[in-house]
Amino acid sequence: MASKISWRIPSLNASVTETSLFQAQLKLFYLMLGANVYKGLIYLFDAVANHQGDGSNRAIRLMVTSIIIIFVLRRFPKILTWGIHYAVIATILHVYYRVFNTAVGTDVVALQAIFMIIISAFYGLGKKWGTIYSIIAFASLILYHHIPYRFVGLQPLPENLNDAYIVINCIVIVMAHIYFHAVIFGNLNNSKLQSEKMSQLAQTKSDFLSTMSHELRTPLNSVIGIASLLISDNTNTQQKEQLDVLKFSAEGLLSLINDILDINKIESGKLELENAAFDLERLLKGITAAMQFKAEEKVLQLNLEIDDQIKEKMFLGDVSRLSQVLYNLVGNAIKFTEKGQVKLSAKVLSIENGDHSIRFEVEDSGIGISTEQQDIIFEPFLQATANTNRKFGGTGLGLSIVKQLVVKFGSQIKMRSELGKGAVFYFDLLIKETVKEKQESINTTKNGEETDLSQLNVLLAEDNMMNIFFMKQLFKKWNITADIAENGEEVLQLIKKKDYDVILMDMHMPVLDGIETTKIIRALKDSSKANTYIIALTASVSDNIIKQTKDYGINDYLSKPFPLDDLFQRLVKRQQIKSL
């Protein structure tokens, strides 16, 4: 029987990196029960050989009980916890019986039994029961001096058998510690490896999304740009309406790509907030004006309320991310409101040492949200109901991004709503007032038909043929005759032959990319060429690319697809500087 039990004792050479805590506890219990069988055999031999069988019943009971528990655990492993409790309590009773016995007392075997109680209780039952059972077991060594009662009848083992008993206990104690040390540190190491794999997977996902973003945004730059050009030049009402739909759909796809990238940035912890001066009143009015068209389409009133204490003041913060939050909230409010109004408001709650506590609130008279649904609408890719998704569309990313951006701002998005009675979304931000700077006066009109840019020497570095076609059409509209380079080497060849006022540099080009090309330009001996003004035009929104544009001397940055007026204003400014 003992041979059948021995194989259950865990091998010290076995791999334990995949061993669960439960499996380790089970093997530890098998180890101790198997040891009980061997100790029972020793005890039985001594009882028969030296004491005319006195004590053999106790030995047989120990062996039979241990074997029964082993087979029961093999059949019903889920009762392991109760088995450990039983074994620990039985061992504690044995310790007290041994310590308070006139023939034995606090010998080595009793101390070893206490150590095994500690091992079994802590490793098998956890910190709480480990502490309780350990205190009870150790108490026997103190109570022995204060309680006069003693047991009789336990015969001490002969010295050679007693040593064997001690050796078995030592083996059990050492093996238990070695095994659990291997399990714990093996699992920690495995967890570290898994963490590294997850980190690599996260980076792979991030790189994939960045690459896909570039590949999707590059053609969208052409689609949105050419649609904008056609809309501005077209006088046919029906065609303009069709072009508006085309541009709106392309911008919707761009918005979806941006949302997915933002979720990825937030989840990977790569989203960093900027801290720049901005005009809050102007921002709020701009958002309302931009969303007015959508509101008018649904015959809704879009109202704006701005606290007088905000007007004509400049604040410090990340204006683009605050805009994103408010655009999402106002857009959602319009989307889920069939009649009535949507209101955006900003109210000062308190002012202290220039720090303004401002409550931003978006209220609508739309479909409302039930209490149950309010718990899930801020989760990514989830909407209140499946019916909502079918009727109103969308990915369910907007509010998730809002929630996480507001947390980045150091606040929390909150809401009040009842089904059928509209909703109110609000959050409080603490933002610091700053000195209002004088804005430069640039004499331009939007898209610049009245501004002559024909004297501006422009070099376009771009390898995508559709984007080259689009930019040529754009330059024609602005009276610019630009040189074209399809890779970095062509840029370097052209700049040696001619002086340029501005280089529009794509970051992803064959042969030599935008970063490497810029580094070579900045190292040119001719200072006038080395200091050529460079604007990065890239469909990539990777944080690494954006950082590199700043680190390697690129003067400005525009992300594709870019609003035509943003590029126009930059070129006008270069024209004015050239004219000075």
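Our structure is the block above this text.
Residues numbered from 1 in each chain as written. Predicted model: local features only at pLDDT ≥ 70, side-chain atom pairs only at ≥ 80, totals over all residues. Heavy atoms only, no water.

(A) How the structure looks around the packing of helix 5 (residues 108-125) against helix 6 (residues 127-143). Helix 6 packs onto helix 5 with a crossing angle of 170° between their chain directions and a minimal axis gap of 7 Å. Relative to helix 6, the element helix 5 lies roughly antiparallel. Packed against helix 5, whose contacting residues are Leu111, Ile114, Ile117, Ile118, Ala121, Phe122 and Leu125, the element helix 6 presents Lys127, Trp129, Gly130, Thr131, Tyr133, Ser134, Ala137, Phe138, Ser140 and Leu141 at the interface. Residue classes in the contact of helix 5 with helix 6 are distributed as 12 nonpolar, 4 polar and 1 charged. (Axes fitted to C-alpha atoms, helices over the stretch in contact; angles between N-to-C directions. Helix = DSSP H or I, 4+ residues; strand = E, 2+ residues; numbered from the N terminus. Parallel < 35°, antiparallel > 145°, perpendicular 65-115°, else oblique. Contact = heavy atoms within 4.5 Å. Nonpolar A, V, L, I, M, F, W, Y, C, P; charged D, E, K, R; others polar.)

(B) Empty space enclosed by the protein, seen in detail. Under the defined criterion, the tally for this structure stands at 3 cavities of 30 Å³ or more. Roughly 50 Å³ of volume is contained in the largest cavity. Taken together, Tyr43, Asp46, Ala47, His51, Asp54, Gly55, Arg58, Gly153 and Gln155 make up the lining of the largest cavity. At 3 residues, helix 2 (residues 21-50) tops the list of elements feeding residues into the lining of the largest cavity. Within the lining of the largest cavity, the residues separate by chemical class into 2 nonpolar, 4 polar and 3 charged. For the second largest cavity, the calculated volume is near 40 Å³. In terms of lining, the second largest cavity is formed by Tyr43, Arg98, Leu154, Gln155, Pro156, Leu157 and Tyr165. A per-class count over the lining of the second largest cavity returns 5 nonpolar, 1 polar and 1 charged. (1 Å grid on protein atoms, 1.4 Å probe; cavity = no way out; pocket = protein on both sides within 12 Å on 5 of 7 lines; lining within 4 Å. Points joined across faces, edges and corners; volume = space filled by probe spheres on them.)

(C) View of the packing of aromatic side chains. Evaluation of the coordinates by the stated rule reveals 7 aromatic pairs. Geometrically, the ring pair formed by tyrosine 149 and phenylalanine 151 is edge-to-face, given 5.3 Å between the ring centres and 85° between the ring planes. The class for tyrosine 149 is exposed, based on a relative accessible area of 52%. Taken together, the ring pairs in this structure connect Tyr96, Phe100 and Tyr144 into an aromatic cluster. Directly above the ring of tyrosine 533 sits arginine 574, whose terminal nitrogen or CZ lies 3.7 Å from the centroid. (Phe/Tyr/Trp six-rings, centres within 6.5 Å; stacked < 30°, edge-to-face > 60°. Buried < 20%, exposed > 50% of the residue type's maximum accessible area, 1.4 Å probe, protein only. Lys NZ or Arg CZ within 6 Å of the ring centre and 35° of its normal.)

(D) Here's a closer look at the environment of valine 407. Its location among the elements puts valine 407 in helix 13 (residues 398-408). Taking the C-alpha atoms as reference, valine 407 lies 9.9 Å from phenylalanine 427; in sequence the two are 20 residues apart.

(E) Focus on the pairing of strand 6 (residues 414-417). Alternating positions in strand 6 separate cleanly, Met415 and Ser417 being buried on one face and Lys414 and Arg416 remaining unburied on the opposite face. Here strand 6 runs beside strand 7 (residues 423-434); their pairing, made up of 4 bridges, is antiparallel. Within the sheet, the bridge partner assigned to serine 417 lies in strand 7 and is alanine 423. Between strand 6 and strand 7, which pair antiparallel one after the other, the connecting turn spans 5 residues, and glycine 420 there sits at a positive phi close to 85°. (Pairing = 2+ DSSP bridges.)

Nothing here speaks to function; it is geometry throughout.
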